[in-house]
Amino acid sequence: MAKAKILYVCSGCGSSHSKWAGQCGDCGDWNTLVESAPETGDKRSGFAGKSNTAAHIQQLEDVKMEAETRTGTGISELDRVLGGGLVHGSVTLIGGDPGIGKSTLLTQTLAAISSTLPSLYVTGEESLQQVSLRARRLGLAEKGLQLLSETCVESIITLAAKAKPRVMVIDSIQTIYTETLQSAPGGVAQVRESAAQLVRFAKHTGTALFLVGHVTKEGTLAGPRVLEHMVDTVLYFEGDSGERYRMIRAVKNRFGAVNELGVFAMTEEGLKTVSNPSAIFLSRHEKPVPGSIVTVTREGSRPMLVEVQALVDDSHSPNPRRVSLGMDANRLNMLLAVMHRHGGIAMYDQDVFINVVGGVRLTETCADTALLLAALSSFRDKPLPTSIFTFGEIGLAGEIRPVSNGQERLREAAKHGFKTAIIPKANLPRKNDAIDDLAIIPVQRISELMEAAISLG
Ligand code: TYD
Ligand code: MG
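Conventions and cut-offs
- Residues numbered from 1 in each chain as written.
- Chains lettered and ligands numbered in written order.
- Predicted model: local features only at pLDDT ≥ 70, side-chain atom pairs only at ≥ 80, totals over all residues.
- Heavy atoms only, no water.
- Pairing = 2+ DSSP bridges.
- Helix = DSSP H or I, 4+ residues; strand = E, 2+ residues; numbered from the N terminus.
- Axes fitted to C-alpha atoms, helices over the stretch in contact; angles between N-to-C directions.
- Contact = heavy atoms within 4.5 Å.
- Near = heavy atom within 4 Å.
- Polar contact = N/O pair within 3.5 Å; in protein donor to acceptor, adjacent residues only side chain to side chain.
- Areas by Shrake-Rupley, 256 points an atom, 1.4 Å probe, with all protein chains shown as cover.
- Nonpolar A, V, L, I, M, F, W, Y, C, P; charged D, E, K, R; others polar.
- Buried < 20%, exposed > 50% of the residue type's maximum accessible area, 1.4 Å probe, protein only.
- Domains from an automatic or database assignment.

**Q** Mind laying out the sheet that holds strand β18 (residues 350–356), listing which residues take part and the relevant values?
**A** Strand order in the open sheet formed by seven strands is β17-β18-β16-β15-β19-β22-β23, with mixed pairing between adjacent strands. At either end of the open sheet lies a strand with only one pairing partner, and these are β17 (322–325) and β23 (439–443). Strand-to-strand twist of the sheet, defined as the mean angle between neighbouring strand axes without regard to direction, takes the value 25°. Examined bridge by bridge, β17 and β18 share four bridges and lie parallel to one another. Across the sheet, residue S324 finds its bridge partner in β18, namely I354. The sheet contacts of helix α8 (residues 368–380) involve β15 (292–297), β16 (304–314), β18, β19 (388–390) and β22 (420–424), and relative to β16 the element is tilted by about 40°.

**Q** Provide a residue-level description of the site of ligand 1, including the pertinent values.
**A** Surrounding ligand 1, one finds 16 residues, the nearest of these being G99, K102, S103, T104 and T267. Between ligand 1 and E268 there is a distance of 2.9 Å, counted from an oxygen atom to a backbone nitrogen or oxygen. For ligand 1, the accessible surface in isolation is 560 Å², of which the surrounding protein chains cover 73%. Counting only elements with at least two residues in the shell around ligand 1, the list comes to α2 (102–113), α3 (128–137) and β13 (261–267). The element that contributes the greatest number of residues to the shell around ligand 1 is α2, accounting for three residues. The class makeup of the residues in the shell around ligand 1 is four nonpolar, six polar and six charged.

**Q** I'd love a proper account of the environment of V122, names of residues and values included.
**A** Looking at the element boundaries, V122 is found in strand β7 (residues 119–123). Residue class for V122 comes out buried when judged on its relative accessible area of 0%. For the pair formed by V122 and Q146, sequence separation is 24 residues and the distance between their alpha carbons is 8.6 Å. Excluding residues within four positions of it along the chain, V122 makes contact with L148, E150, I156, M168, V169, I170 and D171.

**Q** An account of the domain arrangement of the protein chain is requested, with residue identities and associated values reported.
**A** Entries for the protein chain in the domain assignment read domain 1 (1–37), domain 2 (70–275) and domain 3 (280–456). Relative to domain 3, the C-alpha centre of domain 1 lies at a distance of 51 Å.

**Q** Please provide a residue-by-residue account of the sheet that holds β13, values included.
**A** Spatially, nine strands are ordered β8-β7-β9-β10-β6-β11-β12-β13-β14 in an open sheet, and the strand pairing comes out mixed. In this open sheet, the two strands that pair with only one neighbour each are β8 (146–149) and β14 (270–273). Looking at each pair of strands side by side, their axes are set apart by 25° on average, direction ignored. Bridging between strand β6 (residues 91–96) and strand β11 (residues 233–238) involves four bridges; their strand directions are parallel. Along β11, the bridge assignment pairs I94 with L235. Contacting β6, β7, β9 (167–171), β10 (208–214), β11, β12 (245–253), β13 and β14, α2 runs over the sheet at an angle of about 160° to β7.

Listed below in structure tokens is the structure:
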């Protein structure tokens, strides 16, 4: 039998070569050739091509809606990020730093789900003993979990086709290899090809599949950005593995909203859902401290109060430091420039550090005013009262722009006892929507925002 030929495909231009080389002969890019699976004749009979003979053009309104079958996973915060439960035949990629709790979460999920659906946990990373030790520690030993320790994708699929699980976990995709390629497991080609086979299997059989993916130092899924295109849902673990709270964010979801956030606490008994996370990220200072203010963010579909802290200090370096944890560093630079140009406060000889309490990552622009007020408060060494909060976006022209769902944010903060709000004028509630016991300082320009802060602290 002739040996299947290996091809090397340039990831830049897509041309294929029979030999590996450092430079692509077609487009001239360096280090772009990766090994790829040889073309086989039956490619077209795969999942994607199966309707080739029967394909015909349809009107949108004639397309039959098959109800997506969803199953609750038994873990409410996971259901939330998945968009309301696990869709059958869907493929979900879960990424995160080592030790953040990916294996823990999936062990708990499978144990919870295995009473209703047969499920299979494939581990390529840990031994069966290690997995069972963890399950025992989590008190899930007798939940009827099925385990498999295997790293060859062909054997996994053969065994799974027999066992017919409805939910399957692959922990992790970087340890899985396919026999069709010769490169080592973990490489881009191996990961992509193994994932492609598993995705095809999931779509054919209607199995819900979870793939665990490692994250590189840069914070993206190792090797394969390509994986993100192949799957239906991409979830990222956020937070610090040293912190108590862990968050899962949906960055892509074909079956629900993105940027939805699920919140968990890591405890002795594994991950516990935090169903009302609105005030867990406040540090509750006894006395007001300079450089701290609360903002109301709306990550996903619910408002959350978070504290933004700043430290502004004389710099002894020709390049003062700008460090931002939990917020975009470019945004920090931009806001400092706006504050200088439109507010007349220069911090070019100061180190500026920004931190969002609790390891939360803010992706919304609603935290602009909070960042600015925290920096100003630290710069002046004057604390703001603990009963105030702020939200609003700041534009390059020094204007304060409204954010979405202002009323909901105001209510949430008022519920937690905050008394004064500094918010964009356009977010001012209408007369009959006014909230009891909440004083509102509406601002339109950055100068008004700074005056408001100076009059308060
Ligand atoms: P794990 O799920 O193994 O992480 P990952 O698969 O993402 O690499 O989680 C490991 C961390 O969680 C480990 O540092 C110990 C901690 N942990 C607890 O605090 N409590 C528990 O009940 C479990 C199972 C783990
Ligand atoms: Mg793990």
